[in-house]
Amino acid sequence: MIGKDFFNRDTLTVSKELLGKIIVRNTNGITYKAKIVETEAYLGINDRAAHTFGGRKTDRNKIMYEKAGTIYVYQTYGIHYLMNFVTLDENFPEAVLIRAIEPLNKIDNISINRFGKIFNKLNNYQKKNLTNGPGKLTQALEINKDLNGLDLFSDKIYLEDNSSDFNIVVDKRIGIDYSKEAVDYPYRFYIKDNSNVSVLKK
């Protein structure tokens, strides 16, 4: 299990080094394992794209002011849950969005969670869109607001290290057109040539 010290570091560094790590999710008698293949860093007070830009603190984003390794899950468009891992300490409300994963087991359970049928019954579009986005992966792994405010150091969900070689692509974040200059910050990272990445660099 990866400990708190891993997360209590520079957010961009954590965002890059989360790539390749294994999410272990235990729920309803099922243990899911999936490799993190894409992340986005949100640098808090000075990052216009972050929920805590300018020092904002609300009922929704207060989790970003918690300890490193805390899980921040919020809902977007009233539909999709997005999972973030808090970095640094309580004075720096920053976090990393987990943007895409590669399933390593329980592919039929994941397929049922996403589309209501086993993997072999999916069409090519559904297979491509299984876990290649932040709202897709949370549905796949049965992640919702129940995890909000918990941490990554319990049996419910934790990370394992994984030694593998890959190249990292650095790109702009996605879906933050409202954030003025922050639109162009190169704070998205993904594993090159991984088919589960949400959007490839142009």
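Residues numbered from 1 in each chain as written. Predicted model: local features only at pLDDT ≥ 70, side-chain atom pairs only at ≥ 80, totals over all residues. Heavy atoms only, no water.

An unreviewed UniProt entry lists the protein chain under the name Putative 3-methyladenine DNA glycosylase, from Anaerococcus nagyae.

1. Observations concerning the overall build of the protein chain
Spelled out, the test is: Think of it this way: any DSSP run of H or I at least four residues long counts as a helix, any run of E at least two long counts as a strand, and we number them from the N terminus. For the radius of gyration, the atom set is restricted to C-alpha positions; the globular benchmark scales as 2.2 Å times the number of residues to the power 0.38. Remark: exposure states derive from per-residue accessible area (1.4 Å probe, protein chains only) relative to the maximum for the residue type, with buried under 20%, exposed over 50%, and partly exposed in between. Here, residues are in contact when the closest pair of their heavy atoms is within 4.5 Å. Reported accessibility uses the Shrake-Rupley method at a 1.4 Å probe radius. Residues are deemed covered only where the shown protein chains occlude them. Just so you know, the count uses Lys and Arg for positive and Asp and Glu for negative, and it drops His and the chain ends. To locate a charge, take atom NZ for lysine, CZ for arginine, CG for aspartate or CD for glutamate.
A tally of regular secondary structure across the protein chain gives five helices and eight strands. When the elements of the protein chain are put in sequence order from the N terminus, they spell out α-α-β-β-β-β-β-α-α-α-β-β-β. Scaling as 2.2 N^0.38, a compact globule of 202 residues should have a C-alpha radius of gyration of about 17 Å, and the protein chain matches this with 16 Å. A principal-axis box enclosing the C-alpha atoms of the protein chain has dimensions of 45 × 40 × 35 Å. Here the protein chain holds 202 residues, and 49% of them are scored as buried. The contacts in the protein chain between residues at least 6 apart in sequence include a share of 61% that link residues at least 24 apart. When the accessible surface of the protein chain is summed, it comes to about 9,900 Å², and 46% of that surface belongs to carbon and sulfur atoms. Counting 30 positive and 25 negative side-chain charges, the protein chain places the averaged centre of each group 6 Å from the other.

2. Re the pattern of salt bridges
For clarity, the cut-off: Every case where a carboxyl oxygen of Asp or Glu lies within 4 Å of a side-chain nitrogen of Lys or Arg is listed as a salt bridge.
Enumeration over the complete set of coordinates arrives at 11 salt bridges. One salt bridge connects Asp184 with Lys172, and the closest N-O pair in it is separated by 3.5 Å. Taken together, the positions of Asp184 in the loop between strand E7 (168–171) and strand E8 (188–191) and Lys172 in the loop between E7 and E8 put the pair 12 residues apart, joining distant regions of the chain. By relative accessible area, Lys172 is classed as partly exposed at 39%. A cluster of three or more residues bridged by salt bridges with shared partners is formed by Glu38, Glu40, Arg99, Asp171 and Arg188.

3. Examining the packing of aromatic side chains
Note the following rule: Note on aromatic pairs: the rings of Phe, Tyr and Trp (six-membered ring only in Trp) are paired at centre separations within 6.5 Å, and the planes decide the class, stacked below 30 degrees, edge-to-face beyond 60, tilted for the rest.
Inspection of every chain in the model, using the stated rule, returns five aromatic pairs. Here Phe7 and Phe85 contribute two aromatic rings whose centre-to-centre distance is 6.1 Å and whose plane-to-plane angle is 85°, an arrangement assigned as edge-to-face. Highlighted residues: Phe7 in helix H1 (residues 4–7) and Phe85 in strand E4 (residues 80–87), separated in sequence by 78 residues. Phe85 carries the same exposure label as Phe7, and that label is buried. Between Tyr72 and Tyr74, the ring centres sit 5.3 Å apart and the planes meet at 40°, which makes this aromatic pair tilted. Taking the relative accessible area as the measure of exposure, Tyr72 reaches 1% and is therefore buried. Members of the aromatic cluster, connected to one another through ring pairs, are Phe6, Phe7, Phe85 and Phe153.

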